[in-house]
Amino acid sequence: MNRLRIFVGAAFSILLAACAIMSQNNIIRQAEWGGTPARVDSVQSIEFITIHHSGVVFESGKDPLTYLQNLQNWSRTEKQWIDIPYHYLIDLDGKIYEGRDARLAGDTNTSYDVKGHLIICVLGNYEEQTLNEKQYDALVHLTVNRAKHYAVPLENIRSHHDWVPAETVCPGRDIQRLFDDGTFKQTVSALLN
Ligand SMILES: [Zn+2]
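Residues numbered from 1 in each chain as written. Predicted model: local features only at pLDDT ≥ 70, side-chain atom pairs only at ≥ 80, totals over all residues. Heavy atoms only, no water.

What follows concerns the pairing of strand S5 (residues 117-122). For S5, the tally of buried residues reaches six of six residues, placing the bulk of the element in the interior. The side-chain alternation of S5 yields two buried faces, one formed by His117, Ile119 and Cys121 and the other by Leu118, Ile120 and Val122. In this sheet, S5 lies alongside strand S2 (residues 48-53) in parallel orientation, the contact comprising six bridges. In the sheet register, histidine 52 faces S5, and the bridge partner there is cysteine 121. (Buried < 20%, exposed > 50% of the residue type's maximum accessible area, 1.4 Å probe, protein only. Helix = DSSP H or I, 4+ residues; strand = E, 2+ residues; numbered from the N terminus. Pairing = 2+ DSSP bridges.)

Written out as structure tokens, the structure reads:
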């Protein structure tokens, strides 16, 4: 039984790695991490890109696929949301996962209007954790790629905290400092031009 599980796990990992390499921009699609799609019943047009963290410490060695499957379940059952609240998620290895269909507006526990926002979430709590280089690269490249795709201007790329500073520290100190000192936008801007 255990051997079978290891074999299936290994086969799935190889398949996932192959899919990640083949898929555009190395984004791991919802079906590839074991998620199920939400019904698209209204379509938003993207004007903003907004960066979040998940707010819960993500331990190294924790399986992101199981985490995503649980997050999708929790979002639908506990929160009664249509799907995971974020459109893209980045794990500790800088791997990018597709969350909610970008045509659907996200969800939030704070008061900014999420309609028109493409929401990117870095897994972990960056009040306590530090963003590593792979995560930073993934965040920059995903932002640049999506900003080009949706023609989002640089001034519309912000952190969650930038929108509602009194309500949240999200995406956490170690990511927010990159917004406060301009590093993130400078990097994105250089790659956009
Ligand atoms: Zn947030």
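Its location among the elements puts serine 42 in the loop between strand S1 (27-28) and S2. Residues serine 42 and leucine 104, 62 residues apart in the sequence, show an inter-C-alpha distance of 6.5 Å. Apart from the residues within four sequence positions on either side, serine 42 is in contact with Arg103 and Leu104. (Contact = heavy atoms within 4.5 Å.)

Looking at the zinc ion, one finds its protein donor set to be His52 (ND1), His160 (ND1) and Cys170 (SG), positioned 2.0 to 2.2 Å from the metal centre. Sequence spacing of the donors to the zinc ion: H-x107-H-x9-C. With a gap of 108 residues between them, histidine 52 in strand S2 and histidine 160 in helix H4 (residues 160-163) connect regions that are remote in the sequence. Each of the two residues, histidine 52 as well as histidine 160, counts as buried. (Donors = N, O, S within 2.8 Å, 3.2 Å for Na, K, Ca; no water.)

Residue-level pLDDT values for the protein average 90, and 87% of them are 70 or greater. Here residues 12-24 is modelled with pLDDT under 50, and outside its nearest four sequence neighbours on either side it reaches eleven contacts, counting other chains as well. (pLDDT = per-residue confidence, 0-100.)

Another aspect to go through is the sheet that holds strand S3 (residues 88-90). Here we have six strands laid out as an open sheet, ordered S1-S4-S3-S5-S2-S6, and mixed in their pairing. Bordering the open sheet on either side are S1 and strand S6 (157-159), each of which pairs with just one other strand. As defined by bridge partners, S3 adjoins strand S4 (residues 96-98) across three bridges and the pair is classed as antiparallel. Counterpart to leucine 89 in the pairing with S4 is tyrosine 97. Strand contacts of helix H5 (residues 173-180): S2, S5 and S6, with the helix running at about 140° to S6, the strand carrying the most contacts. (Axes fitted to C-alpha atoms, helices over the stretch in contact; angles between N-to-C directions.)

Packed helices, taken two at a time, are described by their axes: the angle between them and the distance between them. Where helix H3 (residues 133-150) contacts helix H6 (residues 183-192), the two axes come as close as 10 Å, and the packing angle between them is 55°. On the basis of their axis angle, the class for H3 and H6 is oblique. Where H3 crosses over H6, the two elements pack in a sense that is right-handed. Here H3 contributes Tyr136, Leu139, Val140, His141, Thr143, Val144, Ala147 and Lys148 to the contact with H6, which in turn contributes Thr183, Phe184, Thr187, Val188, Leu191 and Leu192. Within the contact of H3 with H6, the residues separate by chemical class into nine nonpolar, four polar and one charged. (Parallel < 35°, antiparallel > 145°, perpendicular 65-115°, else oblique. Left-handed = near helix turned anticlockwise from the far one by under 90°. Nonpolar A, V, L, I, M, F, W, Y, C, P; charged D, E, K, R; others polar.)

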